[in-house]
Amino acid sequence: MPLVNGLVPSRFLTLTAHLVIVITIFWSRETQHLLSVALSRLVVALSVTLGLFAVELVGFFSGVSMFNNAQSLLSLAAHCSASICLSFFVFERWEIVTYWYIMGFCSALPAAVEALLFISVFGLKKKPL
């Protein structure tokens, strides 16, 4: 039981930290005419990430995966990695293509597993693991 008690707050904090960094990047983008295509790609990527956050937060707050150790560890590792990578993305000025890789591994993967858990619990009426 101590593992579960430590995973839930840790997962919530890393998920929130990743969300704050994404929102900060979203609000702090610079609008320059020459970079309008690259900026629009970044806006699309950030919007997709916010949608994936919505999926994961609905599953987390509904209780489907709140006490699932495997999902908590996956989410904790992914969002902690994303927070670190996005910090480098901002400070080192990485290319926008790099953001898609960060989003794919660190946001889409936990959101897909969360969606599968949500569907299995509410759609198939199975008990969460």
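Values in this document were obtained by computation on a predicted structure and should not be read as measured data. (Residues numbered from 1 in each chain as written. Predicted model: local features only at pLDDT ≥ 70, side-chain atom pairs only at ≥ 80, totals over all residues. Heavy atoms only, no water.)

Caption draft 1: Here's a closer look at the UniProt feature "transmembrane region" (unreviewed entry) in the protein chain. UniProt's entry tags residues 12-28, 34-61, 73-91 and 97-124 with the feature "transmembrane region" (unreviewed entry), counted in the numbering of this structure. Measuring from the first to the last C-alpha atom of residues 97-124 gives 37 Å, for a span that is 96% helix and 0% strand. (UniProt positions renumbered as here; feature names shortened; annotations may be inferred. Helix = DSSP H or I, 4+ residues; strand = E, 2+ residues; numbered from the N terminus.)

Caption draft 2: Inspection of the packing of aromatic side chains at higher detail. Taken as a whole, this structure holds 6 aromatic pairs when the rule is applied. Residues Phe88 and Trp94 carry aromatic rings whose centres are separated by 6.1 Å and whose planes lie at 10° to one another, so their mutual orientation is stacked. The class for Phe88 is partly exposed, based on a relative accessible area of 43%. Overall, the relative accessible area of 34% leaves Trp94 in the partly exposed class. Put simply, the rings of Phe12, Phe60 and Phe61 pair up and form one aromatic cluster. (Phe/Tyr/Trp six-rings, centres within 6.5 Å; stacked < 30°, edge-to-face > 60°. Buried < 20%, exposed > 50% of the residue type's maximum accessible area, 1.4 Å probe, protein only.)

Caption draft 3: Looking closely at the nonpolar core. Val22, Ile25, Leu46, Leu86, Phe89 and Tyr99 are the most contacted members of the largest nonpolar core, which has 16 residues in total. Broken down by secondary-structure element, the contributors of at least two residues to this core are helix H1 (2-27), helix H2 (36-61), helix H3 (69-91) and helix H4 (96-123). Apart from residues lying up to four places away in sequence, Ile25 is in contact with Leu42, Leu46, Leu86, Phe89 and Val90. (Core = buried A, V, L, I, M, F, W, Y, C linked by side-chain atoms within 4.5 Å. Contact = heavy atoms within 4.5 Å.)

Caption draft 4: Highlighting H2. Spanning 26 residues, H2 covers 37 Å between terminal C-alpha atoms, matching the ideal 38 Å at 1.5 Å per step. Here H2 has its buried residues at Leu39, Leu42, Ala45, Leu46, Thr49, Leu52, Phe53, Glu56, Gly59 and Phe60. Remark: Gly63 follows H2 within two positions and exhibits a positive phi of approximately 90°. (Expected span 1.5 Å × (residues − 1).)

Caption draft 5: Representation of the packing of H2 against H3. Packing of H2 against H3 leaves a shortest axis separation of 14 Å and a crossing angle of 155°. Taken together, the axis directions place H2 and H3 in an arrangement best described as roughly antiparallel. You can see that H2 and H3 cross each other, and the crossing is left-handed. In this structure, H2 uses Leu42, Phe53 and Glu56 to contact H3, whose residues at the interface are Gln71, Ser75, His79 and Phe89. (Axes fitted to C-alpha atoms, helices over the stretch in contact; angles between N-to-C directions. Parallel < 35°, antiparallel > 145°, perpendicular 65-115°, else oblique. Left-handed = near helix turned anticlockwise from the far one by under 90°.)

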